[in-house]
Every structure is written in C-alpha cells, then in structure tokens.
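Spelled out, the chains give:
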Amino acid sequence: MYDCKETWKMHIAGALNALMQEHKPEETIDPSQVVAEIPPNPALGDLGFPMFGFAKLLRKGPPRIAQLVCDQLSAALGGSENNPDGVFTAAGPYVNIRLNRRETAAAVLGEGPGDRSVKSPLAGSRIMIEFSSPNTNKPLHLGHLRNDVLGESLSRILAACGAEVRKVCIINDRGIHICKSMLAYKEYGQDRTPESEGVKSDHFVGNWYVCFNKRLKEETEGLMKTRGLKKEEAEAQAPLMLRAQEMLRNWEAGDGGTAALWKKMNDWTIKGMKETYERTGVSFDQYYFESQTYLLGKDEILKGLEKGVFYREEDGSVQADLTAENLDKKVLLRRDGTSIYITQDIGLAISRSRDWPFDRLVYVVGSEQQYHFKVLFSILKKLGFEWAQNLYHLSYGMVNLPEGRMKSREGTVVDADDLIDSLRDMALKEIQDKDREAAVGDPGVTAEKIALGALHYYLLSVSPSKDMLFNPRESLAFNGNTGPYLQYTGARISSILREAAAGPAVRGTVKPELLSSDAEWELIKTISAYGAAAADAAERMDPSLLAAYLYELSKAFSRFYHDCPILKAGPDLAATRLALCRSALDVLRKAMELICVPFLEVM
C-alpha cells in the first residue's frame, strides 16, 4: 500500500545515513527511527520530520541537520521541485514536506483491495498472545470483554502486519473458587440443569457461585455475632468454607464422585463461554487448562535450586532473591514441596516455548498483575531462557459502569451476554423508532452488529493502560467518536455506490488531478495513512491508535461528502470521486475488521 509517511521516512533516513558517513560510518539510521508529525499549520506542509533525535549522533544543532538533510535530498532526488513524492524544505529543526497532490491521489486511487498491505518490521515474526483467562465458576463479564477485544484486535492487527500469530487461552478450572460453585450446586441444586432451568449453561454455574457466597456470608455473620470472631477468622471457620476445602482435597486426591461433578460443571461453563466467544468474534488457536498445567514448573524450580539460581529457606521453602532487580524475595515452592501460582506460570511459559517457538509472547492481563509479571519475567531470565527477553505484559486498566465497581461474589457483575443483549435491544428500539426495519433487512441481526460495534469500539478507543468508565448509552450514539458512527459512514458510502450502480452509467474517466479541493485532499491523505496507523498500533501494542485513525477517516469522509457533490458532478469528476469513495470504503472496511467492529452496508 502507498504510504506517504513511510516513503519519506526512507528518503530522510537515506539522507541522514549519508551525513553519518562523516562521523560514524559504522552506524546506520533505520527509517523506523525517523519520526513523522503533522505540522500544526497546514501552510508549513503536509508532513514534518523533527531532527532533534539526531543532534547527538551528528554533533550538530537540529536546524543545521534539517538544512543538510534537504541538501542531501536535493542531490539524491534531483531537486525539490522535480520530486514526484513532494516538495521538501527546512524550517528550523524540521524537514517539512508538501506532498505532490496529483501523484499521491493517483497512488491512492490506483490501489485495489489486494494492494493495501501493511509494511511493518514485525512481518514474518512469530507472536503468541494469551488473553481472556476465564474462571469456570462464572460466565464472562464486562472486564473479560475488554480483555477479549484487546487480545483479538491486537492479534488481527499483528496478522495484518505480516506476523504469524497464535492466540492462546488459559482456563482456570481448579482451585477453591471452583469448588465453591460445585459445593453450592451439590448441596442445593437438587440435580437441576441449565436445560431444566432454561438458563445459559455458564450463567447457571455462576448462579451457584453467588449462592455459595450468600450462604457463606450468613454463616460468617453468625460466627462473628455468636463467637465474637473477626470477619476473616469467621469466614475461614465457617462450615461451608471447610466443606469447600475438603472438596478441593478430594478432587486433587482423585475422588471419582468429586471429579465427575467437577467435569460436569466445567463443561457447562466452557460450553457457555465458547458461545459468548463466537458471538463476539473471538477465537483461539489453543486452550490450556489449569487442571492440566498446575504441576508444571516444579522440576524447573528444582533444577534452578541445584544450579544455585534459587535457595532454600530455613523453613524448607524454595525462594528466589529478586532484590537486585528492585523486587522482593519470592516463594516458588512451599516448605511441603507444593507449587504456587507463579510456579505454574513458569512451567507453562517454558512449555509454550517448546510447543510453538515464538519471537514474542504477549500476556493480556489487568494492571493489578504488573508485579506478578515483573517477577515471572525476571525468574525466567534467571533460569537462562533467551526468549524471556521477549515477554511482554499488555497491562490494561479496570472497566466500570456508571453505577460503580462490579463484584462477582456479590452477584453485581455485569455478565457479558446480558450487556450485549441490553445494547442490542437499545439498538433495535432505535431502528424501530426510525422506521428502518424494512430498510436494514433483518433488524435483529443489524441491531446485534450495532451493539458489538458500539461495545468493541468504546472499549478500544481508550489506551489500554487507562481505567475506563463504560457508558452503554453513549457507546450507541450515531454521531461522534463511536462504533455506530463508523458503521454509519460505511453504510453511507455503500449507499452512494449502490445509487451509482443503479442509475445511469457514469461514463467519465478517473482523473486524479481533478481532486483539487481541501476536503478531497484531506481524505486522500487520511486514506494513505492507513498503513502507518496499523503498523504503529502493532508496534506499540495499542489498538486505540487504529480506532483513533478510523474516527479521523470517518470525519474526513463526512467533510468530503458535505463539500463535494459526487453523482451530480461532471462525468470525469463523478467517476474520480466515486473511485475515491471506493478507496475510502476499502480502507474503512479493513480497519474496522481489525478492531472487531462489524461492517454494515445498510443502517
């Protein structure tokens, strides 16, 4: 795909490397080190390249470097005025570029759908992404939705950049929290099933988790009142909690009845989760299960102990001293020899590197686990695994609703399915209120796609590192920075192209030089920036950058549509503007797919 930014990055990197021959001929500057900016004043040009970052290397002031770069460009490209890629000038510490409108428009309009590939240094690399990580004691909730769309979108963006991507999911299907649902069902369920209750299977299991915690709260409060115990002591001594712990011991000991109950309830939850994944467009190449991996890592820790990487404390536990890395000491094996959570993560990472050797492994996990991953990565480096240098924690903030923070044990979590149902119903009402049922085809299907577009865009439009407030009604707005606005833009362009195809044939010739207005030029530049936006989102692991690009593209098309008549223009101009519409639609459709926003031809 033609990318004006990348083209000029290569030109400027070449000029800088020519200057480097005088000072450090053994070093080279890669185009990725050249930063492109949009000048604050359009009179300065279409692109600006600051030279501040090269002052130390070249031992010159940025303004002088800018002038020398322009001199090198003149020599290499045959002068500024004759260069088909645009005019370049030095303006203080910047090299400013005024693009050749005709050549840029011709390049954009001349590309077909198969030509819009993304150039990225990540092309050819193997990247594994772990995301979702659900528990089998409850259905997916709003927090999972942010995790899921981050992981799925990033996977699609990386694949579009030419990376080989493997999406994996670890399902947490063992532990005391799982036994809480199991025990509540065993004692109060009376052999009821999701089918007998008419409830989605993962919601059915989640209801028993809430039931357990309600009963536990009653017992805890009773012990606090009758024995004067503190809350933590009362909860630990509550008969229900003691029976849950006994159930966990029975499961780990291989008790047949407990194992059968565990399998039945896990299957219910996983079946329901996979239905939600399919509904939201999320998929995985491989599932891992904690019940199959929780013993991994113990042997690696013992090997590290033998090599002196770890040490044994006086109480018999095996620990890692990470104080040199500004971390604490970390227990890896308890004094009785049993492993803990991080031990499993160590073993699982090693197992994955053997199953599918990767260049990078990305963990999409909430920001509350930042310390955990610093410790994990440090330990894997201490064990001598070279690939541990290429582990990355994509940390994301909490997502809440206007009503406040969610708590799964109290049953106040907003389940993913319920939230999507609510958004779908709101979108359907909007369709009905505007009498658009007949126009959109299947109103239910369209409303579902609008709901997913609203949800996914809203969750991705904020940088992952930030906490966010999800406002369902705001997300569904058809104007402004929302998913439905992008969908409406796609539907509008599709309508124009349908009208052109249904009416008298447009017999004009596509002539890029006719696109001379500011609105046309802004749309052309924005279309050409798609490759850079996608590559930037991939390299910075931040889909919000591509979401922001899509909003700018939609705004640029809206202005073009408002300022420039299309079908009522002369034959050649109409043909050219229709070609511009097709280019905008192609990029819009591609980029929406990368951020998991369904495309709609009619709204």
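To keep things clear, this report deals only with the structure shown in the data block. Just so you know, these numbers come straight off a predicted model, no measurement behind them.

Taken as a whole and judged by the stated rule, the model has two cavities of 30 Å³ or more. Volume-wise, the second largest cavity comes out at about 40 Å³. Leu-145, Asp-148, Val-149, Glu-152, Thr-280, Val-282, His-456 and Cys-596 together form the lining of the second largest cavity. Here the residues of the lining of the second largest cavity are counted per class, giving four nonpolar, two polar and two charged.

This part covers helix 20 (residues 483–502). The end-to-end C-alpha distance of helix 20, which contains 20 residues, comes to 29 Å, matching closely the 28 Å that a straight helix rising 1.5 Å per residue would cover. Two or three places before Tyr-485, at the start of helix 20, stands the capping residue Thr-482, its side-chain oxygen 3.2 Å from that residue's backbone nitrogen.

A few words on the sheet that holds strand 7 (residues 311–312). Strand order in the open sheet made by the three strands is 7-8-9, with antiparallel pairing throughout. Either end of the sheet is taken by a strand with one partner, and the two such strands are strand 7 and strand 9 (329–333). The pairing of strand 7 with strand 8 (residues 318–321) spans two bridges and is classified as antiparallel. Paired with Arg-312 across the bridge in strand 8 is Val-318.

Turning next to the sheet that holds strand 11 (residues 391–396). Ordered in space as 6-5-4-10-11, the five strands form an open sheet in which the pairing is parallel. Edge strands, defined here as strands with exactly one partner in the open sheet, are strand 6 (286–289) and strand 11. Each strand axis lies, on average, 25 degrees off the axis of its neighbour in the sheet, ignoring direction. Helix-sheet contacts for helix 14 (residues 341–355) involve strand 4 (126–130), strand 5 (164–171), strand 6 and strand 10 (360–366), and the interaxial angle to strand 5 is about 150 degrees. In the packing of helix 15 (residues 370–382) onto the sheet, the strands contacted are strand 10 and strand 11, and the crossing angle to strand 11 comes to about 180 degrees.

Considering the arrangement of structural elements, one finds Glu-22 in the loop between helix 1 (4–20) and strand 1 (47–50). Sequence-wise, Glu-22 and Gly-228 are 206 residues apart; in three dimensions their C-alpha atoms are separated by 81 Å.

Our next topic: the pattern of salt bridges. Taken as a whole and assessed by the stated rule, the structure comprises 34 salt bridges. For Arg-279, the salt bridge is made with Glu-448, and the minimal N-O distance between the two is 2.6 Å. With Arg-279 in helix 11 (residues 256–280) and Glu-448 in helix 18 (residues 443–460), this pair connects stretches of sequence that are 169 residues apart. For Glu-448, a relative accessible area of 17% puts it in the buried group. Here Lys-303 and Glu-300 are joined by a salt bridge, their closest N and O atoms 3.9 Å apart. Taken as a pair, Lys-303 and Glu-300 lie in helix 13 (residues 298–306) at a separation of three residues, close to a single helical turn. Overall, the relative accessible area of 13% leaves Glu-300 in the buried class. Because the salt bridges share partners, they merge into one network encompassing Lys-200, Asp-202, Arg-279, Asp-417, Asp-421, Arg-424, Asp-425 and Glu-448.

Looking now at the packing of aromatic side chains. The final tally for this structure, using the stated rule, is 22 aromatic pairs. A ring pair is formed by Phe-204 and Trp-268, whose centres lie 5.3 Å apart and whose planes are at 85 degrees; its orientation type is edge-to-face. Taken together, the residues Phe-204 in helix 8 (residues 201–227) and Trp-268 in helix 11 connect sequence positions 64 residues apart. By relative accessible area, Phe-204 is classed as buried at 3%. By relative accessible area, which is 11% here, Trp-268 ends up buried. Between Tyr-277 and Phe-284, the ring centres sit 5.1 Å apart and the planes meet at 75 degrees, which makes this aromatic pair edge-to-face. Site record: aromatic cluster; members linked through ring pairs are Phe-131, Tyr-277, Phe-284 and Tyr-287. Over the ring of Trp-356 we find Arg-126; its NZ or CZ atom is 4.0 Å from the centre of that ring. One Lys or Arg, Lys-274, reaches over the ring of Tyr-287 and ends 4.7 Å from the middle of that ring.

Moving on, we come to helix 6 (residues 176–188). Taking 1.5 Å per residue, 13 residues should reach 18 Å; helix 6 reaches 18 Å between its end C-alpha atoms and fits that length. Tucked inside the fold, the buried residues of helix 6 contact helix 8, helix 10 (239–252) and helix 11. Positioned one or two residues after helix 6, Gln-190 has a phi angle of 55 degrees, which is positive.

Attention now moves to the environment of Ala-184. Looking at the secondary structure, you find Ala-184 in helix 6. Distance in space between the C-alpha atoms of Ala-184 and Asn-207 is 9.4 Å, their sequence separation being 23 residues. Beyond its immediate chain neighbours, meaning those up to four positions away, Ala-184 contacts Gly-189, Trp-208, Cys-211 and Phe-212.

With that out of the way, let us pick up the pairing of strand 4. Most of strand 4 is tucked away: four of the five residues are buried. One ladder, built from five bridges, connects strand 4 with strand 5; its direction is parallel. Paired with Met-128 across the strands is Arg-166, a residue of strand 5. In this view, the connection linking strand 4 to its parallel neighbour strand 5 by way of helix 5 (residues 142–160) has right-handed handedness. Note that strand 4 and strand 10 share four bridges and pair parallel. Paired with Ile-127 across the two strands is Arg-360, which belongs to strand 10.

Analysis parameters
Residues numbered from 1 in each chain as written. Predicted model: local features only at pLDDT ≥ 70, side-chain atom pairs only at ≥ 80, totals over all residues. Heavy atoms only, no water. 1 Å grid on protein atoms, 1.4 Å probe; cavity = no way out; pocket = protein on both sides within 12 Å on 5 of 7 lines; lining within 4 Å. Points joined across faces, edges and corners; volume = space filled by probe spheres on them. Nonpolar A, V, L, I, M, F, W, Y, C, P; charged D, E, K, R; others polar. Helix = DSSP H or I, 4+ residues; strand = E, 2+ residues; numbered from the N terminus. Expected span 1.5 Å × (residues − 1). Polar contact = N/O pair within 3.5 Å; in protein donor to acceptor, adjacent residues only side chain to side chain. Pairing = 2+ DSSP bridges. Axes fitted to C-alpha atoms, helices over the stretch in contact; angles between N-to-C directions. Contact = heavy atoms within 4.5 Å. Salt bridge = Lys/Arg side-chain N within 4 Å of Asp/Glu carboxyl O. Buried < 20%, exposed > 50% of the residue type's maximum accessible area, 1.4 Å probe, protein only. Phe/Tyr/Trp six-rings, centres within 6.5 Å; stacked < 30°, edge-to-face > 60°. Lys NZ or Arg CZ within 6 Å of the ring centre and 35° of its normal. Right-handed = clockwise from strand over helix to strand, strands pointing away.

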